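Structure at a glance
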Amino acid sequence: MNWDEVKVVALELSNYCPMASQHPQCPASLVKELTILSIFSVRRVLFELKAHDYKGTINLHRYNEPMADPRLFSILRICRDHLPHARPAISTNAQFLNQGVLLELVGAGLERLHVSLYGSRQEREQLAHKMVDWQLAFPGFEMTWQHPANKPLIDNFLQIYEAPCLDLHEPCGEPLSQINISCEGDVVLCCRDWQNRYKFGNVGLHSLNNIIESDEFQRIHSLLSAGDRSATELCRRCATAR
Ligand code: SF4
C-alpha cells in the first residue's frame, strides 16, 4: 500500500452540526440521534497514520461542525505532536470564530481552515472583511472562505441515490485519495455517500491499512481508477471525479 496516494483522511468526529436546521440540503439536517466517533477510534487512526509517516491532510469534518466538538483541541494537539508532516484541517462556520479562538486553533496545530459565511449578503461581506484581517494577522496560515456573493455551498447530495444514471467514464481517485471515516467508524466510499451505504470496514476493529487492502476496497478502487462507474450504484449517478 502506497500511502503517498492518500491525500486526505477525513474523520467525521460526530454527526452534529448546530447550523443543520438552517440547511435542509445538508445531510446533518436529517440526523435524529447523536453519534460520536469514539476517541479510541480517532487515536487509533491517528497513530496508524503516524506509523506511516502520513503527509497529507487530516480533515476533522465531514458533515459535522468540528468546533462544536469539545475534543477538537486535544485531537489537534495529537496531530501536532505526533504527525509533524500532516496537515490538520477543519471546515467551520464564521460564527464560531474570533481572533482569540483562531490563535488557539493555530497554537493547537491547525494548519488549514475553511470558513463558511452565512447570513444576509451584507453580513457575509462583513465576515469576509474579518477573514481578510485574520489572514493578515496569521501570515502563512492557510485560510479560505466562500465569496460573500455566493450562498453557502452545500451540494445537492440528498437525492443522489435516486438520481438518473449518468453515462460517465471519468476516473475517480476516491475512495483512496480521500479516505472518509464516518462518525460510526466505518471507512465509506466517499463524501457523496452520505448515507454510508458502501462500507469497507470499521477502524475500531481493523487497521486502516487492512481495510484499504481488503479485496472489496481494492476492487472498487480499481474500477473507479479505470473510469468504470459501475463500481457502485452511487458512482453511476455521480457527476464528480475526484
Ligand atoms: S464516482 Fe462519485 S460516488 Fe463514486 S467514489 Fe467517486 S466521488 Fe464518490
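Summarised in this report is the structure supplied together with it. All values derive from a computational prediction rather than experimental measurement.

Here we come to the overall build of the protein. Of the regular secondary structure elements, the protein holds seven helices and eight strands. Here the C-alpha coordinates of the protein stretch approximately 50 × 40 × 35 Å along the principal axes. Out of the 242 residues belonging to the protein, those deemed buried represent 34%.

A few words on the pairing of strand E5 (residues 142–145). Direction of pairing for strand E4 (residues 112–116) relative to E5: parallel, over a ladder of four bridges. Among the inter-strand pairings, Val 115 is bridged to a residue of E5, identified as Trp 145. In this region the chain leaves E4, passes through helix H4 (residues 121–137) and returns to the parallel neighbour E5; the handedness of that crossover is right-handed.

The next point concerns the site of the ligand. Every residue close to the ligand is listed here: Cys 172, Glu 174, Pro 175, Leu 189, Cys 190, Arg 192, Leu 224, Leu 234, Cys 235, Cys 238, Thr 240 and Arg 242. When its residues are assigned to classes, the shell around the ligand shows eight nonpolar, one polar and three charged.

Next up on the list: the environment of Ala 89. With respect to the helices and strands, Ala 89 occurs in strand E3 (residues 87–93). In contact with Ala 89, other than residues within four places in its own chain, are Thr 57, Ile 58, Asn 59, Glu 111, Arg 112 and Leu 113.

With that settled, consider the sheet that holds E5. The mixed open sheet is built from eight strands, whose spatial order is E5-E4-E3-E2-E1-E6-E7-E8. Strands at the two margins of the open sheet, each flanked by one partner only, are E5 and strand E8 (199–202). The mean inter-strand angle of the sheet, taken between neighbouring strand axes irrespective of direction, is 25 degrees. Bridge analysis of E3 against E4 gives five bridges, and the strand direction is parallel. Note that in E4 the partner of Ser 91 across the bridge is His 114. Across the face of the sheet, H4 comes into contact with E4 and E5 while running at roughly 170 degrees to E5.

For the rest of this paragraph, the subject is unusual backbone geometry. In this structure, Pro 175 follows Glu 174 across a cis peptide bond, with omega equal to 10 degrees. Residue position: Pro 175 is located in the loop between E5 and strand E6 (178–181). Located in the positive-phi region is Asn 196, a residue other than glycine, with phi close to 55 degrees. Tracing the chain through its elements places Asn 196 in the loop between strand E7 (186–188) and E8. A tally of 17 C-beta atoms within 10 Å means that Asn 196 is categorised as partly exposed.

This part takes up the nonpolar core. With 52 residues, the main nonpolar core has Val 9, Leu 11, Val 45 and Cys 79 as its most contacted residues. Broken down by element, this core gets its largest block of residues, five residues, from helix H2 (residues 72–82). Among residues more than four places away in sequence, those in contact with Leu 11 are Leu 37, Val 42, Val 45, Ile 58, Asn 59, Leu 60 and Ile 181.

In this model, H4 (17 residues) spans 24 Å end to end at C-alpha, consistent with the 24 Å of a helix rising 1.5 Å per residue. Buried-residue contacts for H4 involve E4 and E5.

Here we come to the pairing of E3. The side chains of a regular strand alternate between both faces of the sheet. As paired strands, strand E2 (residues 57–59) and E3 are joined by three bridges and run parallel to one another. In the strand pairing of E3, Asn 59 is matched with Ala 89. Where the polypeptide runs from E2 across H2 and back to E3, its parallel neighbour, the crossover connection is right-handed. In the classification by handedness, the crossover that spans E3, the intervening helix H3 (residues 99–108) and the parallel E4 is right-handed.

Another point: the environment of His 206. Along the chain, the position of His 206 falls in the loop between E8 and helix H5 (208–212). Excluding its chain neighbours within four sequence positions, the residues that come into contact with His 206 are Gly 201 and Ile 211.

Counting buried residues in H3 gives one out of ten residues, a small share hidden from the surface. Gly 109 sits one or two positions beyond H3 and adopts a positive phi of about 115 degrees.

As a further point, take the packing of helix H1 (residues 39–51) against H2. Between H1 and H2, whose axes approach to 10 Å, the crossing angle comes to 15 degrees. Of the possible angle classes, the one that applies to H1 and H2 is roughly parallel. Here H1 runs over H2; the crossing is right-handed. Seen from H1, the contacting residues are Val 42, Arg 43, Leu 46, Phe 47 and Lys 50; seen from H2, they are Ile 75, Ile 78, Cys 79 and His 82.

Conventions adopted
- Residues numbered from 1 in each chain as written.
- Predicted model: local features only at pLDDT ≥ 70, side-chain atom pairs only at ≥ 80, totals over all residues.
- Helix = DSSP H or I, 4+ residues; strand = E, 2+ residues; numbered from the N terminus.
- Buried ≥ 20, exposed ≤ 12 C-beta atoms within 10 Å, placed from the backbone.
- Pairing = 2+ DSSP bridges.
- Right-handed = clockwise from strand over helix to strand, strands pointing away.
- Near = placed C-beta within 6 Å.
- Nonpolar A, V, L, I, M, F, W, Y, C, P; charged D, E, K, R; others polar.
- Contact = placed C-beta atoms within 7 Å.
- Axes fitted to C-alpha atoms, helices over the stretch in contact; angles between N-to-C directions.
- Core = buried A, V, L, I, M, F, W, Y, C linked by C-beta atoms within 7 Å.
- Expected span 1.5 Å × (residues − 1).
- Parallel < 35°, antiparallel > 145°, perpendicular 65-115°, else oblique.
- Left-handed = near helix turned anticlockwise from the far one by under 90°.

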